[in-house]
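Observations on the three-dimensional arrangement
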Amino acid sequence: MLNFKKILVTGGAGFIGSHVVRRFVLNYKQYHIYNLDTLTYAGNLENLKDVEKCSNYTFVKGDINDIEFVNELFMKFNFDGVIHLAAESHVDRSIANPLTFVKTNVIGTMNLLNAANDLWKKDYTNKRFYHISTDEVYGSLGEKGLFTELSPFAPNSPYSASKASSNHFVRAYGETYGLPYVITNCSNNYGPNHFPEKLIPLFINNIMNNKSLPVYGDGNYTRDWLYVEDHAKAIDLVFHKGKNHETYNVGGFNEWRNIELVKVLCKLMDKKLKRPSGSSEALITFVKDRPGHDLRYAIDATKINEELGWKPEVTFEEGLEKTVNWYLENQEWLNNVVCGDYLNYYKKQYQ
Ligand code: NAD
Ligand code: TYD
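Note on numbering: residues in each chain are counted from 1, in written sequence order. Here chains are named by letter from A upward and ligands by number from 1 upward, in the order in which they appear as written. Since the coordinates come from a predicted model, pLDDT governs what is reported: local features require at least 70, and pairs of side-chain atoms require 80 or more to be given and counted, while whole-chain, interface and lining totals use all residues. Here the side-chain values reflect all heavy atoms present in the structure, with hydrogen atoms and water set aside.

**Describing the overall build of the protein**
Secondary structure summary: the protein contains twelve helices and twelve strands in total. Taking 2.2 N^0.38 as the reference for a compact globule, 351 residues should give roughly 20 Å; the C-alpha atoms of the protein span a radius of gyration of 20 Å, in line with that estimate. With respect to the principal axes defined by its C-alpha atoms, the protein has extents near 65 × 45 × 40 Å. Here the protein holds 351 residues, and the buried ones make up 56% of them. Of the contacts made within the protein by residues no fewer than 6 positions apart, 83% connect residues no fewer than 24 positions apart. Each helix corresponds to a stretch of at least 4 residues labelled H or I by DSSP, and each strand to a stretch of at least 2 residues labelled E; elements are numbered beginning at the N terminus. As a reference, a globule follows 2.2 Å times the number of residues to the power 0.38, and the radius of gyration itself is taken over C-alpha atoms. Residue exposure (1.4 Å probe, protein chains only): buried if accessible area is under 20% of the type maximum, exposed if over 50%, otherwise partly exposed. Should any heavy atoms of two residues lie within 4.5 Å, those residues are considered in contact.

Have a look at this one:
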């Protein structure tokens, strides 16, 4: 198992990043965790309120696209590990504004790679650059089959193309300069602190507000869902025990067609909100499909299971209930993010 002193987590104020930061700050008192985040619409320091005063945690506000700032940060703090989650992460926004995705996901990643490589190139021992990526780099599956680490890249959206590109650069820095890296490609996450532009939190928020539930196309698209804390556990394991220059796929063994998932969520919301059965389902509206919509994602997570012993621990039933409970108990968090820019985004995207 590798050991670290100063770990840079990028994008730690976002959905997955905040779960990763919390896990590392609480479980590894011997490390100092630096959370670098520029706080885009998706970054929210409220996500980390409970750990912000911990002595082994520092928040740094800054942009990974700013080369000078990134270089100075690496020189100043002398990180020995990087867990890179900062990204533009929403497919629909990438369709509307692809260049932002190239800037942050590709150029921003390059800036981190260069800074890490410059700092570490004299001695790569006990150093690690961990790039967090997505199963979407593999494109779309048909009705059958699973993505393995050997599946060819075939990204279909500007988001997935930018993530595929950054994966290639990380690998190239390993091959060309010897940079010690690991990559994981994970399936769709869900859980607390998820920004309400993605399917599950968007629909929870809409049901709470009696707004329509915009299902794209016929709703027969399939995703493999993983509870966010199971992903954070996988990240912890791969960071400490994964083999250098290896990629691991992470997934939930939990495939759902969107429409079926939405119906399960509707039933749960009716129960929690004590509304008559069927009230949430009545909000379902089939809307114009997403262009380039990938039919199906599903992960074969055998490698991480066999090599590192990881498997998801939270069932979908438990995870969905925990998620719904969190949103019902944290309406202030939700109200603070569904205002201003969010309303403009919503209008443009759905009307
Ligand atoms: P998110 O959008 O919730 O959070 C992204 C974070 O990055 C935000 O806090 C944002 O402020 C920050 N950020 C964005 N641009 C930045 C910049 N230029 N400089 C510094 N910080 C910046 O995303 P998420 O869902 O938590 O995803 C995190 C990572 O995991 C991403 O790399 C994403 O591609 C990957 N991933 C996500 C999923 C998923 O289902 N959400 C699945 C697999 C992989
Ligand atoms: P999303 O949460 O955006 O994640 P991704 O595109 O990365 O898989 O979408 C999950 C699925 O839900 C995807 O098939 C698109 C669909 N979807 C809708 O039907 N309606 C919506 O309003 C959103 C945001 C997504």
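**Observations concerning a negative patch on the surface**
Like-charged residues within 9 Å of one another, or nonpolar side chains (Val, Leu, Ile, Met, Phe, Trp, Tyr) within 5 Å, are grouped into patches, provided each residue has over 30% relative accessible area and no salt bridge. Each accessible area is a Shrake-Rupley result for a 1.4 Å probe, and residues are judged covered by the shown protein chains and nothing else. Whenever a carboxyl oxygen of Asp or Glu lies within 4 Å of a side-chain nitrogen of Lys or Arg, that contact is scored as a salt bridge. Only four residue types enter the tally: Lys and Arg on the positive side, Asp and Glu on the negative side, with His and both chain ends excluded. Positions of charges follow a simple convention, taking NZ of Lys, CZ of Arg, CG of Asp or CD of Glu. Taken together, Asp63, Asp66, Glu68 and Glu72 make up a surface patch of like negative charges. Counting through the fold element by element, Asp63 comes out in the loop between strand E3 (57–61) and helix H2 (67–77).

**Description of the packing of helix H8 (residues 258–273) against helix H10 (residues 316–329)**
Simply put, an axis is a line fit to the C-alpha atoms, just over the touching stretch for a helix, and the angle between two N-to-C directions goes from 0 to 180 degrees. Here H8 crosses H10 at 50°, and the two axes come no closer than 11 Å. Taken together, the axes of H8 and H10 are oblique relative to one another. Classified by chirality, the crossing of H10 by H8 is right-handed. When H8 is examined against H10, the residues Leu261, Val264, Leu265, Leu268, Met269, Lys272 and Leu273 are found in contact with a partner set consisting of Phe316, Leu320, Glu321, Val324, Asn325 and Leu328. The classification used treats Ala, Val, Leu, Ile, Met, Phe, Trp, Tyr, Cys and Pro as nonpolar, Asp, Glu, Lys and Arg as charged, and all other residues, Gly among them, as polar. Of the residues contributing to the contact of H8 with H10, the split by class is ten nonpolar, one polar and two charged. Any angle that falls under 35 degrees is termed roughly parallel, while one over 145 is termed roughly antiparallel, one within 65 to 115 roughly perpendicular, and all others oblique. By definition, any crossing whose near helix is turned counterclockwise from its far helix by less than a right angle is left-handed, and any crossing with a clockwise turn is right-handed.

**Focus: the sheet that holds strand E9 (residues 222–227)**
We call two strands paired when DSSP finds no fewer than two bridges between them. The three strands lie next to each other as E7-E9-E11, forming an open sheet whose pairing is mixed. A strand with exactly one partner marks an edge of an open sheet, and here the two such strands are strand E7 (188–190) and strand E11 (255–257). Across the sheet, the mean angle separating the axes of adjacent strands is 50° when strand polarity is ignored. One ladder, built from three bridges, connects E9 with E11; its direction is antiparallel. Opposite Arg223, over in E11, you have Trp256 as the bridge partner.

**Structural notes on the nonpolar core**
Remark: nonpolar core denotes a set of buried residues (Ala, Val, Leu, Ile, Met, Phe, Trp, Tyr, Cys) joined through side-chain atoms within 4.5 Å. If you look at the biggest cluster of nonpolar residues, it comprises 43 residues, and the most contacted ones within it are Ile7, Phe24, Ile83 and Ile304. Residue assignment for this core shows that the elements contributing at least two residues are strand E1 (6–10), helix H1 (15–27), strand E5 (128–134), strand E6 (181–186), helix H7 (228–241), strand E10 (246–250) and helix H9 (302–308). The next biggest cluster of nonpolar side chains, apart from the first, holds 35 residues, and it includes Phe203, Met208, Leu334 and Tyr346.

**Points about the pairing of E6**
Judged by how many residues are buried, E6 sits mostly within the fold: six of six residues are covered. For E5 and E6, the ladder comprises six bridges, and the chain directions are parallel. Note that in E6 the partner of Tyr130 across the bridge is Val182. Of the crossover connections in this fold, the one passing from E5 over helix H5 (residues 158–177) to the parallel E6 is right-handed. By convention a crossover is right-handed if, when the strands point away from the viewer, the path from the first strand over the helix to the second runs clockwise.

**Regarding the site of ligand 1**
Within the structure, ligand 1 sits among 29 residues, and Ile16, Asp37, Ser89, Tyr159 and Lys163 are positioned closest to it. Between ligand 1 and the protein, one listed contact pairs an oxygen atom with a side-chain N or O atom of Asp37 at 2.6 Å. Pairs of N or O atoms are called polar contacts if they sit within 3.5 Å, as long as, within protein, a hydrogen donor faces a hydrogen acceptor (for residues adjacent in sequence, only side-chain-to-side-chain pairs). A distance of 3.5 Å separates a nitrogen atom of ligand 1 from a polar atom in the side chain of Asn65. Considered on its own, ligand 1 offers 840 Å² of accessible surface; in the complex 96% of this is hidden by protein. Residue assignment for the shell around ligand 1 shows that the elements contributing at least two residues are H1, E5, H5 and E7. Ranked by residues supplied to the shell around ligand 1, first place goes to E5 with three residues. Tallied by class, residues from the shell around ligand 1 come to twelve nonpolar, 14 polar and three charged. Throughout, near means a residue has at least one heavy atom within 4 Å of the molecule or strand.

**Quick notes on the packing of aromatic side chains**
Any two of the Phe, Tyr and Trp rings considered here, Trp counted by its six-membered ring, make a pair once their centres fall within 6.5 Å; the pair's planes then place it as stacked at under 30 degrees, edge-to-face at over 60, or tilted in between. This model, assessed by the stated rule, comprises 27 aromatic pairs. Here the aromatic rings of Trp256 and Phe316 are separated by 5.1 Å at their centres, their planes lie at 40°, and the arrangement is tilted. Of this pair, Trp256 sits in strand E11 while Phe316 is found in helix H10, placing the two residues 60 residues apart along the sequence. Accessibility expressed as a relative area gives 9% for Phe316, which makes it buried. Through pairs of rings, three or more aromatic residues link up here, namely Phe4, Phe24, Tyr28, Tyr31, Tyr130 and Phe239. Our definition puts a charge over a ring when NZ of Lys or CZ of Arg is within 6 Å of the ring centre and also within 35 degrees of the ring normal. The ring of Tyr248 has Lys303 lying over it, and the distance from NZ or CZ to the ring centre is 4.8 Å.

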